[in-house]
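Spelled out, the chains give:
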Amino acid sequence: MKGIPLTALLVIITFAGCGKKEENMPEKYSIIPKPVELVMARGNFLIDSKTELTVYPLSDEITRVAGFLAGMLRKSASVPLPVSEGAREGRNRIVMVIDTAASDSPEGYTLLVTGRNIVLKSPTPSGLFRGVQTIRQLLPPEAETEGGLTAGVAAEVPSCYISDYPRFSYRGMHLDVCRHFFTVDEVKRYIDILALHKFNTFHWHLTDDQGWRIEIKKYPELTVTGSQRKETLIGHGGRPPFTYDGTPHGGYYTQEQAREIVKYAAERYITVIPEIEMPGHAVAAIASYPWLSCTGNRLNVQTRWGVFDDVFCAGRDTVFAFLEDVLDEVADIFPSDYIHIGGDECPKVRWENCPACQKRIREEGLEDERELQSWFVTRMEKYLNSKGKRIIGWDEILEGGLAPEATVMSWRGINGGIEAARMGHDAIMTPTSFAYLDYYQGEPGGEPLAIGGYVPLEKVYSFEPLPAELTPDEQKHILGFQGNLWTEYISTISHLEYMAFPRAFAVAETGWTPALKKDFEEFLSRLEVLKKRYDLMKINYFKGDYRDLRGQAE
Ligand code: ACM
Ligand code: ZN
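Residues numbered from 1 in each chain as written. Chains lettered and ligands numbered in written order. Predicted model: local features only at pLDDT ≥ 70, side-chain atom pairs only at ≥ 80, totals over all residues. Heavy atoms only, no water.

Enquirer: What is the right way to read the overall build of the protein chain from this model?
Expert: For the protein chain, the count of helices and strands is 18 helices and 19 strands. Along the longest, intermediate and shortest principal axes, the C-alpha atoms of the protein chain span 80 × 45 × 45 Å. Burial analysis of the protein chain (554 residues in total) assigns 60% to the buried set. Pairs at least 24 apart in sequence give 73% of the contacts found in the protein chain among residues at least 6 apart. Looking at the protein chain as shown, the accessible area adds up to about 21,000 Å², and 51% of this sits on carbon and sulfur atoms. The protein chain carries 61 positive and 77 negative side-chain charges, and their two centres are separated by 5 Å. (Helix = DSSP H or I, 4+ residues; strand = E, 2+ residues; numbered from the N terminus. Buried < 20%, exposed > 50% of the residue type's maximum accessible area, 1.4 Å probe, protein only. Contact = heavy atoms within 4.5 Å. Areas by Shrake-Rupley, 256 points an atom, 1.4 Å probe, with all protein chains shown as cover. Lys, Arg positive; Asp, Glu negative; His and termini not counted. Charge placed at Lys NZ, Arg CZ, Asp CG, Glu CD.)

Enquirer: I would appreciate a short explanation of the side chain of Asp176 in the present structure.
Expert: Within the secondary structure layout, Asp176 lies in strand 8 (residues 170-176). Side-chain polar atoms of Asp176 contact the backbone nitrogen of Cys178, separated by 2.8 Å. With residues up to four places along the chain from it excluded, the contact list for Asp176 reads Phe182, His205, Leu485, Trp486, Thr487 and Glu488. (Polar contact = N/O pair within 3.5 Å; in protein donor to acceptor, adjacent residues only side chain to side chain.)

Enquirer: When you look at the sheet that holds strand 4 (residues 93-98) in this model, what are you seeing that I'm missing?
Expert: Backbone hydrogen bonds are what pair the strands of a sheet, in a parallel or an antiparallel way. Taken together, the seven strands give an open sheet; going across it, the order is 1-7-5-6-4-2-3, and neighbouring strands pair in mixed fashion. Both outer strands of the open sheet, strand 1 (37-46) and strand 3 (83-85), are each paired with one neighbouring strand and no more. The sheet shows a mean angle of 20 degrees between the axes of neighbouring strands, direction not considered. Across four bridges, the pairing between strand 5 (residues 109-113) and strand 6 (residues 117-122) is antiparallel. Along strand 6, the bridge assignment pairs Leu111 with Leu120. (Pairing = 2+ DSSP bridges. Axes fitted to C-alpha atoms, helices over the stretch in contact; angles between N-to-C directions.)

Enquirer: Would you explain the environment of Thr303 in this entry?
Expert: By secondary structure assignment, the location of Thr303 is in the loop between helix 7 (283-288) and helix 8 (317-333). When the C-alpha atoms of Thr303 and Gln482 are compared, they prove to be 28 Å apart, with 179 residues separating the residues in sequence. For Thr303, the contacting residues outside a window of four places in its chain are Arg229, Lys230, Glu231, Thr232, Leu233 and Tyr244.

Enquirer: Help me understand the pairing of strand 2 (residues 52-56), please; the structure alone is not making it clear to me.
Expert: Sheet faces and side chains relate simply in a regular strand, where the side chains alternate between the two faces. In the sheet, strand 2 pairs with strand 4 via five bridges, with the strands oriented parallel. Residue pairing in the sheet places Val55 in a bridge with Met96 of strand 4. With helix 2 (residues 60-77) bridging strand 2 and the parallel strand 3, this β-α-β connection has right-handed handedness. (Right-handed = clockwise from strand over helix to strand, strands pointing away.)

Enquirer: I would appreciate a short explanation of the confidence of the model for the protein chain in the present structure.
Expert: Caution applies to low-pLDDT regions: their predicted coordinates should not be interpreted in detail. Taken as a whole, the protein chain shows an average pLDDT of 95; of its residues, 95% reach a score of 70 or greater. Ranking the helices and strands of the protein chain by mean pLDDT puts strand 9 (residues 201-205) first, with 99, and helix 1 (residues 6-17) last, with 46. Low confidence marks residues 9-22, where pLDDT is under 50. Its contacts with residues over four positions away, or in another chain, come to 17 contacts. (pLDDT = per-residue confidence, 0-100.)

Enquirer: What exactly am I supposed to notice about the pairing of strand 15 (residues 338-342) here?
Expert: Of all five residues in strand 15, five are buried, a share of seventy percent or more. Across two bridges, strand 14 (residues 271-278) lies against strand 15 in parallel orientation. Within strand 15, the position partnered with Glu275 by the bridge is His340. As judged from the three bridges shared by strand 15 and strand 16 (residues 390-394), these two strands associate in the parallel manner. The partner of Ile339 across the bridge, within strand 16, is Ile391.

Enquirer: Looking at this model, I keep getting lost on the environment of Met278. Mind explaining?
Expert: Secondary-structure assignment places Met278 in strand 14. Along the primary structure Met278 and Thr207 are separated by 71 residues, whereas in three dimensions their C-alpha atoms are 9.1 Å apart. Once residues within four sequence positions are removed from consideration, Met278 is found in contact with Phe312, Leu323, Leu327, Ile341, Gly342, Gly343, Phe376 and Met380.

Enquirer: Looking at this model, I keep getting lost on the coordination of the zinc ion (ligand 2). Mind explaining?
Expert: In an ideal tetrahedron of four donors about a metal, each angle is 109.5 degrees. In an ideal octahedron of six donors, the angles are 90 or 180 degrees. Donor atoms from the polypeptide that coordinate the zinc ion (ligand 2) comprise Cys294 (SG), Cys313 (SG), Cys354 (SG) and Cys357 (SG), at 2.3 Å from the metal. For the zinc ion (ligand 2), the four donor atoms in the first shell make angles of 106 to 113 degrees at the metal, so the coordination geometry reads as tetrahedral. (Donors = N, O, S within 2.8 Å, 3.2 Å for Na, K, Ca; no water. Tetrahedral: all angles 85-135°; square planar, octahedral: opposite > 155°, others 65-115°.)

Enquirer: Explanation requested: the nonpolar core in the structure shown.
Expert: In globular proteins that are soluble, nonpolar side chains generally tend to be buried together. Grouped together as the largest cluster of nonpolar side chains are 167 residues, with contacts concentrated most on Met96, Tyr190, Trp204 and Phe312. With nine residues, helix 8 is the single largest residue contributor to this core. Dropping the residues within four chain positions of it, Met96 is found in contact with Leu53, Thr54, Val55, Tyr56, Ala66, Leu69, Leu120, Leu128 and Val132. (Core = buried A, V, L, I, M, F, W, Y, C linked by side-chain atoms within 4.5 Å.)

Enquirer: Is there a simple way to think about the sheet that holds strand 16 in this case?
Expert: The strand order 8-9-14-15-16-17-18-19 describes a closed barrel built from eight strands, whose pairing is parallel. The mean angle between the axes of side-by-side strands here comes to 30 degrees, regardless of whether they run parallel or antiparallel. As defined by bridge partners, strand 18 (residues 427-429) adjoins strand 19 (residues 478-483) across three bridges and the pair is classed as parallel. Bridge pairing links Ile428 to Gly480 in strand 19.

Enquirer: Quick question: what am I supposed to make of the side chain of Asp548 here?
Expert: If you trace the backbone, Asp548 turns up in the segment after helix 18 (520-536). No salt bridge is formed by the buried Asp548, whose closest oppositely charged neighbour, Lys459, lies at an N-O distance of 5.4 Å. (Salt bridge = Lys/Arg side-chain N within 4 Å of Asp/Glu carboxyl O.)

Enquirer: What is the right way to look at the pattern of salt bridges in this model?
Expert: When their charged atoms lie close together, side chains carrying opposite charge are able to pair. In this structure the tally under the stated criterion is 34 salt bridges. In this structure, the salt-bridge partner of Arg259 is Asp332, at a minimum N-O distance of 3.1 Å. With Arg259 in helix 6 (residues 255-266) and Asp332 in helix 8, this residue pair connects regions lying 73 residues apart in the sequence. Its relative accessible area of 54% is what places Asp332 among the exposed residues. Beyond isolated ion pairs, a larger network of salt bridges with shared partners links Lys34, Glu509, Glu522 and Arg526.

Enquirer: How should the packing of aromatic side chains be read in this particular structure?
Expert: What describes a pair of aromatic rings is the distance from one ring centre to the other and the angle between the planes of the rings. Counting across every chain of the model gives 33 aromatic pairs. Consider the rings of Tyr190 and Phe202, whose centres lie 5.8 Å apart with planes at 70 degrees: the pair is edge-to-face. Placement of the pair is Tyr190 in helix 4 (residues 184-196) and Phe202 in strand 9, with a sequence separation of twelve residues. Taken as a pair, Tyr190 and Phe202 share a single burial class, namely buried. Where Phe501 meets Phe505, the ring centres are 5.1 Å apart and the plane angle is 15 degrees; that geometry is what we call stacked. The same class applies to Phe501 and to Phe505, which are both buried. (Phe/Tyr/Trp six-rings, centres within 6.5 Å; stacked < 30°, edge-to-face > 60°.)

Enquirer: Please clarify how helix 16 (residues 493-500) should be interpreted in this entry.
Expert: Counting along an α-helix, one turn takes 3.6 residues, and residues three or four places apart therefore face a common direction. With six of eight residues buried, helix 16 is to be regarded as a mostly interior element. Along helix 16, the residues that are buried comprise His495, Leu496, Glu497, Tyr498, Met499 and Ala500. Each element contacted by the buried residues of helix 16 is listed here: strand 8, helix 4 and helix 17 (503-512).

Shown next, in the form of structure tokens:
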């Protein structure tokens, strides 16, 4: 994007003139997602007890970004690495500078590593943070461990010039904490691993039939009752008879904890988008407050998986007052522009038989229950817009008419995204057959129980988020790519990591790296090198066959 600086050229010329290449040299440059432009050079920058880290301009935020690198090196290499203000590209320095000329992209950066110093530049702190993740991956994997760079492994960064920026503005991973609850520390660890690979969005699925996981102060029953279920289905719950484990399962995040996670993610330049499901997937809420449903019947928090008939009543104004109150608190906790309102898998049978819902259909001049769903979502959208928020919904929100400002998350294939983009709406691609990381990643016979499907790493990697049938202007509405992790069959953090990784890394590269620079075989060779880092980080990633064994990935 920007020209290569003279110093970089000198390094490259030096390298080119050297004749003999260092052995396995490209291995040292195993970065995921692959940078847009990477020029390798001979030599290293060695971090020692005299190395200083300077930032310019000095601010708390940039000091914090620099602190991620300094903290890691202090621990692993036992170097003091003081951080102070300075832009001078002096000897034995790591220099981090805000420079609007460094990139046209807010998350872009340039990185120049020579034997003399490391210079990282970006127009924004978030770009510096992305650049720090690159430096981190250029360091030996032992940099991830306490004392790892003190016992015979040098704290060095291989010389190079990198100019890098993301292809898409939205690069997300989702996590369902309703089907199984994950602790604050587990969520933070997930965010940490996403940050290493330059994700910028964490979609946090907080409410569903099997559990309501976010404290709402005005409605305490949501967490007293709605966050707990009596037991959980054993095995694959297609049809009766169902068997259950007899073990209560539950948990929720206090508002304070949720804010802590938002802050933790924000420090890693990851936006948390909360999802509050409506009108369907509402059983845990209804179990807490039966007046939220059409029948008013008392229900239990669901103990098995699926789609359930009891949904929020669309006829009662008290339901909307409740949802608005909930969203008031949610909007206050989560500073993201977006709130995800779900919108998927909402059966209409209760509405068909509910006098209040039928009255609503008549009074609003709606055609049918599908239009009632659209009316419901549009009403909630208006409310959130009035609070300065925008909505995302699963692609079912297209049915019966799309809310005026809504962004569509296309999961049942890519057609929802195509339709939304053609209507001038933004869309995020997350189709089941490429992006559902709860699907099997190896042949089902040898794998722990999963929901179904077959989405090996190669398949995830092969996804192209921009549909060829869209015009360039329409393509601009495709904001990016997201991997989804539903947890019906995932109850531990170690299993969660096994399902998420390395497939999420393929999502990361597809969201960041230009399509023409992607190459699955070469991605695999970088992954092989990074595995040592993941091992030292104790990430439980899938180690089976990464190829699509059922044929050519599309
Ligand atoms: C979904 O997977 N129900 C969005
Ligand atoms: Zn109703």
